[in-house]
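One letter stands for each residue in the lines below.
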Amino acid sequence: MKYKIKNICCIGAGYVGGPTMAVIADKCPNINVEVIDINKERIDDWNNKDFEKLPVYEPGLAEIVKRCRGRNLHFSNLLEEKIKNADMVFISVNTPTKTKGVGAGKASDLKWVEVCARQVAQFARGHTIVVEKSTLPVRTAEVIKSILESSQSSTLNFSNNPSFDVLSNPEFLSEGTAINDLTNPDRVLIGGDRKDAIEALCEVYRNWVSEEKILKTNVWSSELAKLTANAFLAQRISSINSISALCEATGADVREVSRAIGSDNRIGSKFLDSGPGFGGSCFKKDILNLVYLSEYFGLPEVGDFWKGVVELNSWHQHRISKLVVKNLFGTVSGKKISILGFAFKANTNDTRESAAINICHDLLEEGAILSIHDPKVEKWQISKDLGSKYLNPINNDYINENNNSNISEWSFCSTIYQAVKGSDAILILTEWDEYSFIDWERVSKMMRHPAWVFDARSITKPEQVIKFGLNLWRIGDGYERPTGDIKI
Ligand code: UDX
Ligand code: UDX
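Owing to the predicted nature of the structure, the values given are computational and were not obtained by experimental measurement.

Some words on the site of ligand 1
The environment of ligand 1 is made up of 20 residues, and the closest members are Val16, Asp37, Arg42, Thr95 and Thr135. The contact in question runs from an oxygen atom of ligand 1 to an N or O atom on the backbone of Val16, over 2.9 Å. In the environment of ligand 1, an oxygen atom lies 2.6 Å from a nitrogen or oxygen atom belonging to the side chain of Asp37. For ligand 1, whose accessible area on its own is 690 Å², the fraction buried by protein is 92%. Considering only residue class, the shell around ligand 1 consists of seven nonpolar, nine polar and four charged. For the shell around ligand 1, the domains that each give at least three residues are domain 1 (7–217) and domain 2 (219–488).

Observations concerning the pairing of strand S9 (residues 336–340)
Most of S9 is tucked away, with four of its five residues classed as buried. Two elements, S9 and strand S10 (residues 369–373), share five bridges in a ladder whose sense is parallel. Bridging from a neighbouring strand, Ile339 pairs with Ile372 of S10. Once you follow S9 into helix H13 (residues 355–365) and on to S10, the crossover reads as right-handed. Pairing of S9 with strand S14 (residues 425–428), which is carried by four bridges, proceeds in the parallel orientation. Looking across to S14, one finds that Ile339 is bridged to Leu427.

Structural notes on helix H14 (residues 379–386)
A turn of α-helix holds 3.6 residues, and therefore any two residues three or four places apart point the same way. Buried within H14 are the following residues: Gln381, Ile382, Ser383, Asp385 and Leu386. Within two residues after H14, Gly387 carries a phi angle of roughly 70°, on the positive side.

Things to note about the side chain of Glu34
Note that Glu34 resides in strand S2 (residues 32–36). Here Glu34 falls in the buried class, since its relative accessible area comes to 9%. Polar contacts involving the side chain of Glu34 include one to the side chain of Asn32, which spans 3.0 Å. Contact partners of Glu34, with chain neighbours within four places excluded, come to Ile8, Cys9, Cys10, His74 and Lys82.

Points about the domain arrangement of the chain
Here the domain parsing of the chain yields domain 1 (7–217) and domain 2 (219–488). A separation of 32 Å is found between the C-alpha centroids of domain 1 and domain 2. With 37 residues of domain 1 at the contact, the number on the domain 2 side is 29 residues. With both chains or domains summed, domain 1 and domain 2 bury close to 2700 Å², and 58% of this area falls on carbon and sulfur atoms. At the boundary of domain 1 and domain 2, one finds two salt bridges.

Description of the pairing of strand S6 (residues 163–168)
Counted residue by residue, S6 has five buried out of six residues, so it is predominantly covered. Both strand S5 (residues 127–132) and S6 contribute to a ladder of six bridges, which runs parallel. Residue pairing across strands places Val131 opposite Leu167, the latter belonging to S6.

Parameters and conventions
- Residues numbered from 1 in each chain as written.
- Chains lettered and ligands numbered in written order.
- Predicted model: local features only at pLDDT ≥ 70, side-chain atom pairs only at ≥ 80, totals over all residues.
- Heavy atoms only, no water.
- Near = heavy atom within 4 Å.
- Polar contact = N/O pair within 3.5 Å; in protein donor to acceptor, adjacent residues only side chain to side chain.
- Areas by Shrake-Rupley, 256 points an atom, 1.4 Å probe, with all protein chains shown as cover.
- Nonpolar A, V, L, I, M, F, W, Y, C, P; charged D, E, K, R; others polar.
- Domains from an automatic or database assignment.
- Buried < 20%, exposed > 50% of the residue type's maximum accessible area, 1.4 Å probe, protein only.
- Helix = DSSP H or I, 4+ residues; strand = E, 2+ residues; numbered from the N terminus.
- Pairing = 2+ DSSP bridges.
- Right-handed = clockwise from strand over helix to strand, strands pointing away.
- Contact = heavy atoms within 4.5 Å.
- Buried area = accessible area lost by both parts, 1.4 Å probe.
- Salt bridge = Lys/Arg side-chain N within 4 Å of Asp/Glu carboxyl O.

See below:
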């Protein structure tokens, strides 16, 4: 084999870079893995002696970091040194949606990717394989390539005589199950145009992934496949959420509809759970990116098709806030509503694009007083997401001090029972396991009646809730229940 990989460097120690590199280090003891990031605090957190305090919460991650950190897995800010020593550099930095300029609101902002390409161009020595790990618009590899190639002819890095290959190797992990997804992937996708470089990356994965699961394509197919995979997954959620509204209107039950359609092999049963709308860092961003690309390439009908998936998601979230208000006699002003779950899904502390953000905003605008509980999301993060004044736990400074908005009527509660005390309604937004073991008798006694439970995740057992005099609304449940009658 032409290139043997001994030193890997990954730029970006986030939700993707951190867990992915931890698994590579674990599975490839003969490869030294260096994760670098411009954010010093994040690196300090990855190096924290307390493994419970790593910056990313993922089941199983702390154990791997414990095994590998200091052995062949290292976290630092030593950009120049680590790039210089690397045979392979993964780019795993964030690519947010552009907020201004051409493509604002849709296109991905590639400024960080470009910065990384320039850093690699400046510091690399000898032959370096650059791997796009971040989800990127189609043809980004071309941009990276031209930046890298310019360094070969510039005087900046001329003496090191660098040469490069660029591969696309998108990550398909889901948060909350990242370690399992990485250790047992459905497939590993590698896009490239030079056999030697593709082979070098295949060899890394062969340490734990079987050959038939490693798919090789050209670079553009690989980039587009990643966007398409996320768009298809998100589309299923918008589809089933649209049906949940119809179920509520017609007396059908979305769980029964999901089961019925999911048993058709061609449809399949996964990703058919109706909920409060999809969140996470990828779905919305990637679909908007697809919309932008379609429009850019003169295919507005294709763009409109995918735009509908995002629009439905946003409509669905507002639909939930509206029906909470409607059921609480048309007003929530001054009423206490308990929010159970703030993360965009269970088993993660990530709140990016979480449905809870839009729904809480709506309810706060309506004058509700929220008591929020989440087992993994911290108070400062919620403050940041809701845009209100909050205390930064790191330096005890107030952030958003000049924020004059009046949307600060919320509190953070460390237990479920603290959160529900005196509330008029409970709204379940994340499917945390502990919410399926709530003692509804105890809860009912603590609430102000008539009291409501709004279950946007189908995590409650209806009979367990209504038997204690609580009114229940479940997502996509058109069944007419008698309203709660206080018998306790
Ligand atoms: C994800 C995916 O990697 C990507 O596919 C998607 O396009 C965006 O979100 P994620 O790991 O979840 O990225 O992002 P994040 O947790 O924000 O981590 C990115 C890290 O890159 C940050 O820690 C940031 O400080 C770092 N970074 C960014 C650098 O080290 N250098 C830069 O120039 C820019
Ligand atoms: C997603 C993709 O699944 C993953 O392959 C890609 O690499 C990154 O984006 P992630 O965002 O971590 O992963 O989580 P995912 O499990 O896909 O959930 C996304 C959102 O959809 C969550 O808000 C989740 O609650 C919601 N969802 C998922 C539903 O509402 N119903 C479902 O049936 C499945």
